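One letter stands for each residue in the lines below.
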Amino acid sequence: MNLPVDEWLEAVETRKSRRCFTDKSIEEEKIARIEECCVEFRPFSGVRGVLVKDLGDDIFNGIIGSYGKVKGASSYLALIGDKTISHIEAKIGYLGEGLILEATSIGLSTCWIGGFFKPKVVAEQIDLAEEEKVFAVSPLGYAKESKSFEEKIMGFLTKSRQRKSLSEIANNYDETEWPIWAKKGIKAARVAPSAINRQPWRFIYEGDSMLLSLDNIDDEYDVSKELDCGIAMLHFELGALKSGVNGKWEFLSESGIARYKKE
C-alpha cells in the first residue's frame, strides 16, 4: 500500500485523543474503508489490525478505578502482533498510527490505548494465532462535542510535558546543514503522540540515513517505549516522503531500533 502522505499528514495536525464518545453509529462506508485499510496496510510481516464493530463486553480499564476510562465507543481497532518477532512493539506502533491516521482522515475520533485495556476480553472477540498477542487498541467513533472533565485533566497532564526541541530529539540537528527530507522527517516525528507525551525517540542523522534509538531502556506507564518509537517512525517517513524522498526502515539487531535508509 502506498502511503497517502497528504491525507495522513493533515490528520497528524487534526488528531486529538478522545475518550468519551456519542452513540452515533459509524457509517457503513467508513466501516468498509477502515476494514480495507486493515487488509491493505501490512507494513511488516507479523503485524495486523482488526476492526471490531461490536464492542460487546467492555474492554477498557480506567487509569485509577474508572477514572480515565474510555466511555461510549461501540467499535475499536485491535493491533495484533507475533510476540516472538524482534522489535514487535515498534512495528505495532507504526501499523497502529497508520490505521489511526486513516480513521482520523475520514472524520472518526480515536485514542491510543496501550496499557489500560483487557487483553483477555479482546482475545475472546477476535481470532488469535498461538503466537499472537493484542498489544494495543483504539476506540473508534464520534467523540462528544465537549471534552469531559476527566479528558480535560488528562489533556492538562499530557501538555504539562513540553514538546522536546528538535535538538533534544536529534542531538546533531543542524537547520542549515541537514537536507530537506531529513528536516521534514524530524519535524513530523517531533509531533508524534506518546504515552504521557514522554517522547522517548532519539534520532541521529548519518548522511543518507537516519538512526532511531531510545532515550533509555526504562519503560513507564505499562506501555512500551518501542511502541511510541514506532509511531514516530511513521511520522518521520511521511515527512520524508512529503519532500519527495523515498526510503526504507531496517530494524537493527545491535544498539538502536531502526535505520531509515534513503533510496
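Chemist: I'm lost on the packing of aromatic side chains in this one. Help?
Modeler: Describing an aromatic ring pair means giving the distance of the ring centres and the angle of the ring planes. Applying the stated criterion across every chain yields a total of 13 aromatic pairs. With 6.1 Å between their ring centres and 20° between their planes, Phe41 and Tyr94 make a pair best called stacked. Placement of Phe41 in the loop between α2 (28-40) and β1 (47-52) and of Tyr94 in helix α3 (residues 88-105) is noted, with a sequence separation of 53 residues between them. In terms of burial, Phe41 and Tyr94 fall into one category: buried. Between Phe236 and Trp249, the ring centres sit 6.0 Å apart and the planes meet at 65°, which makes this aromatic pair edge-to-face. Residue Phe236 is located in helix α8 (residues 225-242), and its partner Trp249 is located in strand β6 (residues 247-251); the two are separated by 13 residues in the primary sequence. By relative accessible area, which is 7% here, Trp249 ends up buried. Within the aromatic cluster, the residues linked to one another by ring pairs are Tyr173, Trp178, Trp181, Phe203, Tyr205, Phe236, Trp249 and Tyr260. Sitting over the ring of Tyr142, Lys24 keeps its end group 4.2 Å from the ring centre.

Here is what the cut-offs are and how they apply
Along each chain, the written sequence defines residue order, and numbers are assigned to residues from 1. Given that the model is predicted, a residue must reach a pLDDT of at least 70 before its local features are reported, and side-chain atom pairs must reach 80 or more before they are shown or counted; all residues, however, enter totals for whole chains, interfaces and linings. Here the side-chain values reflect all heavy atoms present in the structure, with hydrogen atoms and water set aside. Two rings from Phe, Tyr or Trp (for Trp, the six-membered ring) form a pair when their centres sit within 6.5 Å of each other. Planes less than 30 degrees apart are called stacked, planes more than 60 degrees apart edge-to-face, and all others tilted. Under the scheme used here, helices are H or I runs from DSSP no shorter than 4 residues and strands are E runs no shorter than 2 residues, and both carry numbers assigned from the N terminus. Working definition: with a 1.4 Å probe on protein chains only, accessible area under 20% of the residue-type maximum means buried, over 50% means exposed, and in between means partly exposed. Look at NZ for Lys and CZ for Arg. If either is within 6 Å of the ring centre and within 35 degrees of the ring normal, a charge sits over the ring.

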